[in-house]
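Each chain, written out:
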Amino acid sequence: MLVSTNASTSTTLLLARHGQTVWHAENRYAGTSDVALTEIGRRQAEALGEWVARHPVDAVWTSTVLRAIETAEPACRALGLAAHRDHELRECHYGVMEGRTLGEFAAEKPELAEAFRADPVANAFPDAEDPRAVAARGSDAMRRIAREHEGERVLVVAHNTLLRLVLCELLGIPLRDYRRVFPQLRNAAVSEVRISGKDTALISLNLPCS
């Protein structure tokens, strides 16, 4: 449920998706695969670092996937911070879809692709991690980070699907609607949430850093 929080006791989490990768041009599912940032992705990471220098944070957390770690490096450098890495912030593993596009999958398995489009949680890709488990581990990690940094501002660099599922979980939005309610989190853009105990407020979404 979207609620107001007490700014004096809440933790501000600045959620950022990693920079563009070499699979983005064709919209390939990266999942837990280590995929390199493009030159654009590296510039996006630098822009995020410049934004954080103007809007300082007390801590930086990232997933353990390389593209998230690399995206957070300019912010860490700007503030003289070392990033905390949390495996629970990793992207959803997409099973048979790792490295593939939804169009390729639809050409081979049209019924499964259509079922995914209708309900991506109940009809996740074959061999993929259960999106409900992704939402649970990701939101638990966010709440833990909020408790550890109560009253502070924290940059969290993670991934598109994980962050969308987490936003739904924290805000009480049905998980099956994550693709509809949050069509995309832009690369290296910032979405601000405030967490106080079990209460979460969404302050901004997809704030550009450049």
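The shown structure was predicted, so the numbers you read here are calculated from the model rather than taken from an experiment.

S.K.: Now, about the pairing of strand β4 (residues 153-158): what can you tell me, with residues and values included?
M.R.: Side-chain positions along a regular strand alternate between the two faces of the sheet. With five of six residues buried, β4 lies mostly within the body of the structure. Sheet analysis places strand β1 (residues 11-17) next to β4, joined by six bridges and oriented parallel. Residue pairing across strands places Leu 15 opposite Val 156, the latter belonging to β4. One ladder, built from four bridges, connects strand β2 (residues 59-62) with β4; its direction is parallel. Each bridged residue has a counterpart across the sheet, and for Thr 62 the counterpart in β4 is Val 157.

S.K.: Quick rundown of the confidence of the model for the protein? Include the residues and the values.
M.R.: Chain-level statistics for the protein give a pLDDT mean of 95 and a share of 96% at 70 or above. Contacts for the low-pLDDT stretch residues 1-6, under 50 throughout, to residues beyond four places or in other chains number 17 contacts.

S.K.: Describe the pairing of β2, and please don't skip the residues or the numbers.
M.R.: The alternating pattern of β2 places Ala 59 and Trp 61 and Val 60 and Thr 62 on opposite faces, both of which are buried. Note that β2 and strand β3 (residues 84-85) share two bridges and pair parallel. Bridge assignment links Thr 62 to a residue of β3, and that residue is Arg 85. Handedness of the crossover is the feature at issue here: the chain leaves β2, passes through helix α2 (residues 66-79), returns alongside β3, and the resulting connection is right-handed.

S.K.: I'd like a rundown of the environment of Phe 125, residues and numbers included.
M.R.: Along the chain, the position of Phe 125 falls in the loop between α4 (110-118) and α5 (131-148). On the basis of relative accessible area, Phe 125 is assigned to the buried category, the value being 5%. C-alpha separation for the pair Phe 125 and Glu 114, spaced eleven residues apart in sequence, amounts to 11 Å. Those residues within four positions of Phe 125 in sequence are excluded, and the remaining contacts are Tyr 29, Tyr 94, Met 97, Leu 102, Phe 105 and Phe 116.

Rules behind the numbers
Residues numbered from 1 in each chain as written. Predicted model: local features only at pLDDT ≥ 70, side-chain atom pairs only at ≥ 80, totals over all residues. Heavy atoms only, no water. Buried < 20%, exposed > 50% of the residue type's maximum accessible area, 1.4 Å probe, protein only. Helix = DSSP H or I, 4+ residues; strand = E, 2+ residues; numbered from the N terminus. Pairing = 2+ DSSP bridges. pLDDT = per-residue confidence, 0-100. Contact = heavy atoms within 4.5 Å. Right-handed = clockwise from strand over helix to strand, strands pointing away.

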